[in-house]
Amino acid sequence: MGFLDRFFQLKQNHTNIKIEALAGFTIFLTMLYIIPVGSQILSQAGMPKDELITAISLVTALATLLTGIWANTPVAMSVGMGLNAYFTYGLVQGMGLSWQQALGAVFLSGVIFLIISFTRLRVWIMQSIPKDLRFALCAGLGAFIATIGLKSLGFITITPSGLMTLGNLSSPQILMGIFGVILMLLLHTLKVQGAFIIGILACSLIAWILGFATTPSKVLSMPSSISGIALQFDLAGVIHIALIPAIIALLITDLFDSLGTLAGVGAKANMFQDTSGKDKKLEKTLQVDAIATTAGAAFGLSTTTAFLESSAGVASGGRTGLSAVFCAIFFALTLFFLPIFSAIPDYAIYPTLIVVGALMFAEIRHINFQDLPIGCASFFTILLMPLSSSITTGLASGFIVYVLMCCFQRQWQRINMGILILFAISVIPFVFQN
């Protein structure tokens, strides 16, 4: 016990093993939903679902353990909600990449992120891009994944003429999904820990009892092999100029997502408040984030990032990496619950996308729409992400519009070298779209 106290600096952080264990379990409970949700989304890219369940549990446990030991911070990591949707619906179904090529793009973005994390490039990128555009990216991602959830659930359908309309709301599956959305919103409003996984399990239990879905035949089993997705990334297939913006979009989204999440978690624990590059805990946590993204692609997963649900553990008293270590142990145990996760029906999962999307979209409140360049750029970023099913298109459009509006208003001082480079990169997907 003395070793744990010294290694994690428990006394200096005014905490103890019992508090850290409770915080770790709280983080685990609040983000457990990522296993069924993440595996369902990525399986639609053509990847085997059982292998994805194992890979997500394994990578989440390893990345979170590394965060706790290397960075000594109460932060958990797993496959990002918006980025796994972009992987499937943007890169694979939208751009026509194979899932192996999409994994190659994730791997390359992770390598670049890793380089940035060990240099001052991260600070330069953050200082180059207006803060409001980061909130626009978050809101656009929210609209993107919520739209996917509504379409996949059948709540919204596309007519032959391309118009969006309401689906058949009398369908039992859609009614079950609507119930899931309402339940998750209620639980989240009441600040119930684990609102998403409780909603998923409640819908699943009802579906199993009523016979709408197949009941799992057993509870425990050995983990599935991941040989079919591990080390399958195709680097040669993504080394093409037309895919540079997609890789940059993955990089910027992961960077902003990580910094935004860590700022939110740190606000509760009085850490991660210095983004100038001098905060060692922030640096080490971002380094783990980059390593996890690169390694995650090798395991067959989309971009790995820090999870905002870590703030629930901080609120429970977690202040050190021991919280993350306990969380990692709990996630390692989920490797043996494959039958349960495999039996969860799709319509019990899609409500999570809708509610998480709504919560992400709420970041729009931070955008200064009275600033014309910011307002117009944010509008195109947010609108085009769900309409084009592409983070790349939304982000690229935002940078282009921002630069053009600054030029129209002759506000040359707002256009720095970083923005000009991103502007040039943003033009590429429109020039090479075919």
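Before any of the text, the structure's been laid out above.
Because the structure is a prediction, the values reported are computed rather than measured.

Turning our eyes to something else, we now look at the overall build of the chain. Within the chain, the regular secondary structure consists of 19 helices and four strands. Computed over its C-alpha atoms, the radius of gyration of the chain comes to 21 Å, within 12% of the 22 Å expected for a compact globule of 434 residues. With the principal axes as the frame, the chain shows a C-alpha extent of 65 × 60 × 45 Å. Every one of the 434 residues in the chain was classed for burial, and the buried ones make up 58%. In the chain, the proportion of contacts linking residues at least 24 apart, taken out of those at least 6 apart, comes to 80%. Carbon and sulfur atoms make up 68% of the accessible area of the chain, which amounts to about 17700 Å² in all.

With 18 residues, helix α18 (residues 391–408) extends 26 Å between its outermost C-alpha atoms, agreeing within 8% with the 26 Å of an ideal straight helix rising 1.5 Å per residue. Burial of α18 is extensive: 14 of the 18 residues sit out of reach of the surface. Backbone geometry just downstream of α18 places Arg410 in the positive-phi region, at approximately 55°.

So, on to the environment of Ile41. In this fold, Ile41 is placed in helix α3 (residues 34–43). Placed 46 residues apart in sequence, Ile41 and Phe87 show a C-alpha to C-alpha distance of 8.9 Å. Filtering out sequence-adjacent residues up to four positions away, Ile41 remains in contact with Asn84, Ala85, Thr88, Tyr89 and Leu353.

We now examine empty space enclosed by the protein. Throughout the structure, instances matching the rule amount to one cavity of 30 Å³ or more. Considering only enclosed or pocket space, the largest cavity measures out at about 80 Å³ in volume. Taken together, Pro245, Ile248, Ala249, Ile252, Thr392, Leu395, Ala396, Phe399, Leu422, Ile425 and Ser426 form the lining of the largest cavity. Secondary structure elements with two or more residues in the lining of the largest cavity: α11 (244–269), α18 and α19 (417–431). Partitioned by chemical class, the residues of the lining of the largest cavity number nine nonpolar, two polar and no charged.

Core analysis: the biggest nonpolar cluster contains 119 residues, and Phe87, Phe144 and Ile391 have the highest contact counts within it. Among the elements that take part in this core, α11 stands out by supplying twelve residues, more than any other.

Evaluated as defined, the whole model comprises nine aromatic pairs. Between Phe25 and Phe28 the ring centres are 6.1 Å apart and the planes differ by 40°, which places this aromatic pair in the tilted class. One end of the pair, Phe25, and the other, Phe28, are both in helix α2 (residues 17–31), three residues apart, so they sit about a helical turn from each other. Given a relative accessible area of 10%, Phe28 falls into the buried group. Pairwise contacts between aromatic rings join Phe25, Phe28, Phe330 and Phe331 into one cluster. The ring of Phe135 is capped by Arg134, whose NZ or CZ atom sits 5.0 Å from the centre of that ring.

With that settled, consider α2. Between its terminal C-alpha atoms α2 stretches 21 Å, which fits the 21 Å expected from 15 residues at 1.5 Å a residue. If you check which residues of α2 are buried, you get Glu20, Ala23, Gly24, Thr26, Ile27, Phe28, Thr30 and Met31. Contact partners of the buried residues in α2: α3, α4 (49–71), β1 (77–79), α13 (310–315) and α14 (321–333).

The next point concerns the packing of helix α8 (residues 131–153) against helix α17 (residues 372–388). Packed helix pairs are characterised by how far apart their axes lie and by the angle those axes make with each other. In contact at an axis separation of 7 Å, α8 and α17 are set at 20° when each is read in the N-to-C sense. Taken together, the axes of α8 and α17 are roughly parallel relative to one another. Relative to α17, α8 is oriented so that their crossing is right-handed. Contacts between α8 and α17 involve Asp132, Leu133, Ala136, Leu137, Ala139, Gly140, Leu141, Ala143, Phe144 and Thr147 on the former and, on the latter, Ile374, Ala377, Ser378, Thr381, Ile382, Met385 and Pro386. Its residues assigned to classes, the contact of α8 with α17 shows twelve nonpolar, four polar and one charged.

Attention now moves to the environment of Leu372. Residue placement: Leu372 occurs in helix α17. For Leu372, a relative accessible area of 42% corresponds to the partly exposed category. Placed 286 residues apart in sequence, Leu372 and Tyr86 show a C-alpha to C-alpha distance of 28 Å. With near-sequence residues (within four places) excluded, Leu372 lies in contact with Met405 and Gln409.

On to the environment of Gly180, then. By the secondary structure assignment, Gly180 is in helix α9 (residues 172–189). Residue classification places Gly180 among the buried residues on the basis of a relative accessible area of 0%. Taking the C-alpha atoms as reference points, Gly180 and Cys327, separated by 147 residues in sequence, lie 26 Å from one another. Every residue in contact with Gly180, bar those within four places of it in the chain, is listed here: Cys203 and Pro351.

Moving on to the packing of helix α5 (residues 81–92) against helix α6 (residues 99–117). The geometry of α5 relative to α6 is characterised by a closest axis approach of 10 Å and an angle of 120° between their N-to-C directions. Relative to α6, the element α5 is oriented oblique. Crossing geometry of α5 relative to α6 is assigned as right-handed. Contact residues: Phe87, Leu91 and Val92 in α5; Trp99, Ala102, Leu103 and Val106 in α6. By residue class, the composition of the contact of α5 with α6 is seven nonpolar, no polar and no charged.

What counts and what doesn't
Sequence order sets the numbering: in each chain, residues are counted from 1 along the sequence as written. Given that this is a predicted model, residues contribute local features only at a pLDDT of at least 70 and side-chain atom pairs are listed and counted only at 80 or more, while totals for whole chains, interfaces and linings are drawn from all residues. Excluding hydrogens and water, the side-chain values take into account all heavy atoms of the structure. A run of H or I in DSSP counts as a helix once it spans at least four residues, and a run of E counts as a strand once it spans at least two, with each numbered from the N terminus. We compute the radius of gyration over the C-alpha atoms and compare it with the globule rule, which gives 2.2 Å times the number of residues raised to the power 0.38. Each residue gets one of three labels from its accessible area relative to the maximum for its type: buried under 20%, exposed over 50%, partly exposed in between, using a 1.4 Å probe on protein chains only. Contacts are assigned to residue pairs with any non-hydrogen atoms lying within 4.5 Å of each other. For accessible areas, the Shrake-Rupley method is used with a probe of radius 1.4 Å. Any residue's cover is judged against the shown protein chains and nothing else. An expected span of 1.5 Å times one less than the residue number is assigned to each helix. Using a 1 Å grid laid over the protein atoms alone, points where a 1.4 Å probe fits but cannot get out form a cavity; open sets with protein on both sides within 12 Å along at least 5 of 7 lines form a pocket; any residue with an atom within 4 Å of a point counts as lining. Grid points are joined across faces, edges and corners, and a volume is the space filled by probe spheres set on the points. Nonpolar residues are Ala, Val, Leu, Ile, Met, Phe, Trp, Tyr, Cys and Pro. Charged residues are Asp, Glu, Lys and Arg, and all others, Gly as well, are polar. What is meant by a nonpolar core is a set of buried Ala, Val, Leu, Ile, Met, Phe, Trp, Tyr and Cys residues, joined one to another through side-chain atoms within 4.5 Å. By convention, a stacked pair of Phe, Tyr or Trp rings (six-membered ring in the case of Trp) has centres within 6.5 Å and planes under 30 degrees apart, an edge-to-face pair has planes over 60 apart, and any other such pair is tilted. Here, a charge over a ring is recorded when the distance from Lys NZ or Arg CZ to the ring centre is within 6 Å and its angle to the ring normal is within 35 degrees. With axes taken as lines fitted to C-alpha atoms, and helix axes fitted only over the stretch in contact, angles between N-to-C directions fall between 0 and 180 degrees. The scheme is simple: roughly parallel for angles under 35 degrees, roughly antiparallel for over 145, roughly perpendicular for 65 to 115, oblique for anything else. Each crossing gets its hand from how the near helix is turned against the far one by less than a right angle, where anticlockwise is left-handed and clockwise is right-handed.

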